[in-house]
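What follows is the residue order along each chain.
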Amino acid sequence: MFQELKQLAPDAILGLMTKYRADTAAVKVDLGVGVFRDPSGNTPVLDAVRRAERQVLAAQTTKTYVAPAGREEFNRAVEELVLGASHPARRDRRARTVQAPGGCGALKVGAELLRAAAPAAAIHVSDPTWGNHLPLLGGAGLRLERYPYYEARSHALRFEAMLERLAAADPGDTVLIHACCHNPSGADLAEPQWRALAELLERRRLVPYLDLAYQGFGDGLDADAAGVRLLAERLPEAVIAVSFSKNLGLYRERVGALIVVSENAERADAVHSHVLQIARGIYSMPPDHGAAIAACIFADADLSAAWHAELEAMRGRIRQMRALLASSLRAATGDDSFGFIRDQRGMFSLLGIPPAAVERLRERHHIYMTADSRINLAGIMPGNAGYVAEAIAAERNA
Ligand code: LMR
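So, how was this worked out
- Residues numbered from 1 in each chain as written.
- Predicted model: local features only at pLDDT ≥ 70, side-chain atom pairs only at ≥ 80, totals over all residues.
- Heavy atoms only, no water.
- Helix = DSSP H or I, 4+ residues; strand = E, 2+ residues; numbered from the N terminus.
- Near = heavy atom within 4 Å.
- Polar contact = N/O pair within 3.5 Å; in protein donor to acceptor, adjacent residues only side chain to side chain.
- Areas by Shrake-Rupley, 256 points an atom, 1.4 Å probe, with all protein chains shown as cover.
- Nonpolar A, V, L, I, M, F, W, Y, C, P; charged D, E, K, R; others polar.
- Domains from an automatic or database assignment.
- Buried < 20%, exposed > 50% of the residue type's maximum accessible area, 1.4 Å probe, protein only.
- Lys, Arg positive; Asp, Glu negative; His and termini not counted.
- Salt bridge = Lys/Arg side-chain N within 4 Å of Asp/Glu carboxyl O.
- Core = buried A, V, L, I, M, F, W, Y, C linked by side-chain atoms within 4.5 Å.
- Contact = heavy atoms within 4.5 Å.

Chemist: Teacher, can you tell me more about unusual backbone geometry here?
Modeler: With the exception of glycine, the majority of residues adopt a negative phi angle, and the majority of peptide bonds are in the trans configuration. Cis rather than trans, the peptide bond between Asp-127 and Pro-128 has omega equal to 10°. The omega torsion across Asn-183 and Pro-184 is 25°, close enough to zero to call that bond cis. Assignment of secondary structure puts Pro-184 in the loop between β7 (174-178) and α8 (191-204). Located in the positive-phi region is Ser-373, a residue other than glycine, with phi close to 70°. Relative to the helices and strands, Ser-373 resides in the loop between β12 (367-368) and β13 (374-376).

This is how it looks when you write it as structure tokens:
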């Protein structure tokens, strides 16, 4: 039966990870997969996580199933973290949250929910977007459309073109929006743009599907959720996929959540029943360990304070590396054509160089990035910024 299945090319991001690990060069730089790195190149276990994990293990008396929706206290805390404690959608009982296996698990359940609710509706996805969005959402059977978002060559947000395209979407369609720290561009909407987008979505009766994978990596936990909070307040419906891979550093534990905001409490209950059935049909129940750690941190003032400080330090390091790489590139190129890197948000920026230049950077200099020239700024260190900048300056043209 498998004779029809041809060998597939590896995933663009995960395949790069494998290539990097196999590279035996003494000097090599990984700007590929989006994981935080400390100045020694390690992706650390946060101290708050270590402490919470010890508490979780000491208190654990059973490994029986938790519940299809996961931990109640986790879900409540996630809603507060994402929407804020007194958000109108929570007050009016319009929001329902389930724990999910990572941000991808949440995105998948949300995608299946959209397909069940409106099988003919399209989902509009930013161009460019994260490499896994298209297979993940398309794999759930959603009809994909693209809206212009960012032009890598001119480093410009294409907001007017985005609004124009979305204004032509059919009522009932969904719009996938990166809540903060846009992956791969690092270009986020400013507050007036969020308001203009909210107005358009409301007028055209479009449903936002927000992907919140980097809360706290842009400007802070509350600031990074401002767009989500605005849309969940202004619009009758919203779907929010949340990941704790990056901000808690719980990558391999698969900790995420899906928040669905409905028109009223009764609808929210009905939607919730579908979410539970969909989750049951995919993975039955979410994994517990990482969510137990997260819940322990959220519930404990000391652990929360420690986490916030560590998150601030991670954010600070990425900002510093943005400034360092931008100034190193200025020195290496003699112009400020990479100055945009300094001002963008989150882990990623697109260099805007051609795929052939990306390939030469890998083959000649052992510097790894995805073919679209996305770089992970957390892979930059004080010790490699000059090397990376010189190499980019030498290879940047086609
Ligand atoms: C990335 O964009 O590199 C990360 O979100 C990791 C992944 O799963 O692709």
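Chemist: Looking at this structure, how should I read the site of the ligand?
Modeler: Taken together, Ile-13, Val-33, Gly-34, Trp-130, Asn-183, Tyr-214, Lys-246, Phe-348 and Arg-374 make up the full set of residues adjacent to the ligand. Gly-34 is positioned such that a nitrogen or oxygen atom in its backbone is 2.7 Å from an oxygen atom of the ligand. Out of a free accessible area of 260 Å², the ligand has 80% covered by protein chains. Classifying every residue of the shell around the ligand by side-chain character gives 5 nonpolar, 2 polar and 2 charged. Here the shell around the ligand spans two domains, and each of domain 1 (12-44 + 317-395) and domain 2 (49-299) adds at least three residues to it.

Chemist: Whenever I open this one, the side chain of Arg-374 confuses me. Can you help?
Modeler: Positionally, Arg-374 belongs in strand β13. Buried charged residue Arg-374 carries no salt bridge. Nearest counter-charge: Asp-372, at 5.5 Å.

Chemist: Explanation requested: the nonpolar core in the structure shown.
Modeler: Soluble, globular proteins show a tendency: their nonpolar side chains are buried together. By size, the foremost hydrophobic cluster in this structure holds 100 residues, and its most contacted members are Phe-74, Phe-298 and Trp-307. It is helix α13 (residues 301-333) that contributes the most residues to this core, 9 residues altogether. The residues that make up this core include at least three from each of domain 1 (12-44 + 317-395) and domain 2 (49-299). Leaving out residues up to four positions away in the same chain, Phe-74 has contacts with Gln-99, Phe-244, Val-255, Gly-256, Ala-257, Ala-291, Ala-294, Ala-295 and Phe-298.

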